[in-house]
Amino acid sequence: QVQLVESGGGLVQPGGSLRLSCAPSDNIFSFNILAWYRQAPGKERELVARLISGGGSPYYHASVQGRFLISRDVANNMVDLQMNSLKPEDTAVYYCNGRRLPSGEEYWGQGTQVTVSS
């Protein structure tokens, strides 16, 4: 069973930064898609950022464009989400997601809480 383990969440003041990391139990290149989602209380889960293997530009939700950066840490077999200029509305549980194509196999991490508050 593939596992994805997130780390790096916490409490940060508005304008601050956090770096989330996701460590899959399989090689990161075994996933066609690696992504970060978030879910705020009372809201649906939404796609925050996504990497697709084989090239192409990463996708970012409009609300995080220019503030968040998704990247592969090949040396440590991780996918990271660098979050800068954080806002209270970024408060949510953040989930790592890995998907394989064409099978559609999909795996989720357990989530890590990010709270942006003064």
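Structural notes, computed from the coordinates. Residue numbers here run from 1 along each chain, matching the order of that chain's written sequence. Reporting in this predicted model follows two pLDDT cut-offs: at least 70 for local features of residues, and 80 or more for side-chain atom pairs to be given and counted; totals over whole chains, interfaces and linings ignore these cut-offs and use all residues. Excluded from the side-chain calculations are hydrogens and water; all other atoms, namely the structure's heavy atoms, are used.

Looking at the overall build of the chain
(1) Moving on: A run of H or I in DSSP becomes a helix once it reaches four residues, and a run of E becomes a strand once it reaches two; helices and strands are each numbered from the N terminus. A count of helical and extended segments in the chain gives zero helices and eleven strands.
(2) Moving on: Counting from the amino terminus, the chain carries its helices and strands in the arrangement β-β-β-β-β-β-β-β-β-β-β.
(3) Moving on: For the chain, the C-alpha radius of gyration of 14 Å lies close to 13 Å, the compact-globule estimate for 118 residues.
(4) Moving on: If you line up the chain on its principal axes, its C-alpha atoms span 40 × 25 × 25 Å.
(5) Moving on: Between buried and exposed lies partly exposed: a residue is buried under 20% and exposed over 50% of the maximum accessible area for its type, with that area taken using a 1.4 Å probe on protein chains only. Split into buried and exposed, the 118 residues of the chain put 41% on the buried side.
(6) Moving on: The contact criterion used throughout is that any non-hydrogen atoms of two residues lie within 4.5 Å. Sequence separation of 24 or more characterises 54% of the internal contacts of the chain that already satisfy a separation of 6 or more.
(7) Moving on: For the chain, the computed accessible surface area is about 6100 Å², with 49% contributed by carbon and sulfur atoms.
(8) Moving on: Residues scored as positive are Lys and Arg, those scored as negative are Asp and Glu, and His as well as the terminal groups of each chain are ignored. Positions of charges follow a simple convention, taking NZ of Lys, CZ of Arg, CG of Asp or CD of Glu. Positive and negative side-chain charges of the chain, numbering 10 and 10 respectively, have mean locations separated by a distance of 5 Å. We compute the radius of gyration from the C-alpha atoms alone; for a globule the expected value is 2.2 Å times N to the 0.38, where N is the number of residues. Residue-level accessible areas treat just the shown protein chains as cover; the underlying method is Shrake-Rupley with a 1.4 Å probe.

What about unusual backbone geometry?
(1) Moving on: With an omega dihedral of 5 degrees, the bond running from L101 to P102 counts as a cis peptide bond.
(2) Moving on: In this structure, P102 sits in the loop between β9 (92–99) and β10 (106–108).
(3) Moving on: For S85, which is not a glycine, the phi torsion comes out positive at approximately 50 degrees.
(4) Moving on: With respect to the helices and strands, S85 occurs in the loop between β8 (78–83) and β9.

Notes on the nonpolar core
(1) Moving on: Judged by nonpolar contacts, the single largest core of 27 residues is most densely connected at W36, F68, I70, V79, L81, M83 and Y94.
(2) Moving on: Of all the elements in the fold, those that place two or more residues in this core are β3 (18–24), β4 (33–39), β5 (46–52), β7 (68–73), β8, β9 and β11 (112–116). For our purposes a nonpolar core is just a set of buried Ala, Val, Leu, Ile, Met, Phe, Trp, Tyr and Cys residues, chained together by side-chain atoms within 4.5 Å.

Describing the sheet that holds strand β1 (residues 4–7)
Strands pair in a sheet through their backbones, by hydrogen bonds, and they do so in one of two ways: parallel or antiparallel.
(1) Moving on: DSSP calls a pair of strands paired once it identifies at least 2 bridges connecting them. In space, the four strands of this open sheet follow the order β1-β3-β8-β7, with antiparallel pairing throughout. The sheet is open, and its two edges are formed by β1 and β7, each paired on a single side. Across the sheet, the mean angle from the axis of one strand to that of its neighbour is 15 degrees, orientation sign disregarded.
(2) Moving on: Pairing between β3 and β8: five bridges, direction antiparallel. Bridge pairing in β8 places C22 opposite V79. Only the stretch in contact is used when a helix axis is fitted, and all axes are lines through C-alpha atoms; the angle between N-to-C directions ranges over 0 to 180 degrees.

Concerning the packing of aromatic side chains
(1) Moving on: Pairing of aromatic rings covers Phe, Tyr and Trp, the last through its six-membered ring, and needs centres within 6.5 Å; plane angles under 30 degrees mean stacked, over 60 mean edge-to-face, and all others mean tilted. One pass over the structure, following the stated rule, counts three aromatic pairs.
(2) Moving on: Ring geometry for Y95 against W108: centres 6.4 Å apart, planes inclined by 85 degrees, an arrangement best described as edge-to-face. Taken together, the positions of Y95 in strand β9 and W108 in strand β10 put the pair 13 residues apart, joining distant regions of the chain.
(3) Moving on: Clustering of aromatic rings is evident, with ring pairs tying together Y37, Y95 and W108.
(4) Moving on: Charge over a ring is defined by NZ of Lys or CZ of Arg lying within 6 Å of the ring centre and within 35 degrees of the ring normal. A cation sits over an aromatic face here: R45 above Y95, 3.8 Å from the ring centre.

Regarding the side chain of D73
(1) Moving on: Here D73 is to be found in strand β7.
(2) Moving on: Not counting residues within four places of it along the chain, the set of residues in contact with D73 comprises I28, M78 and D80.

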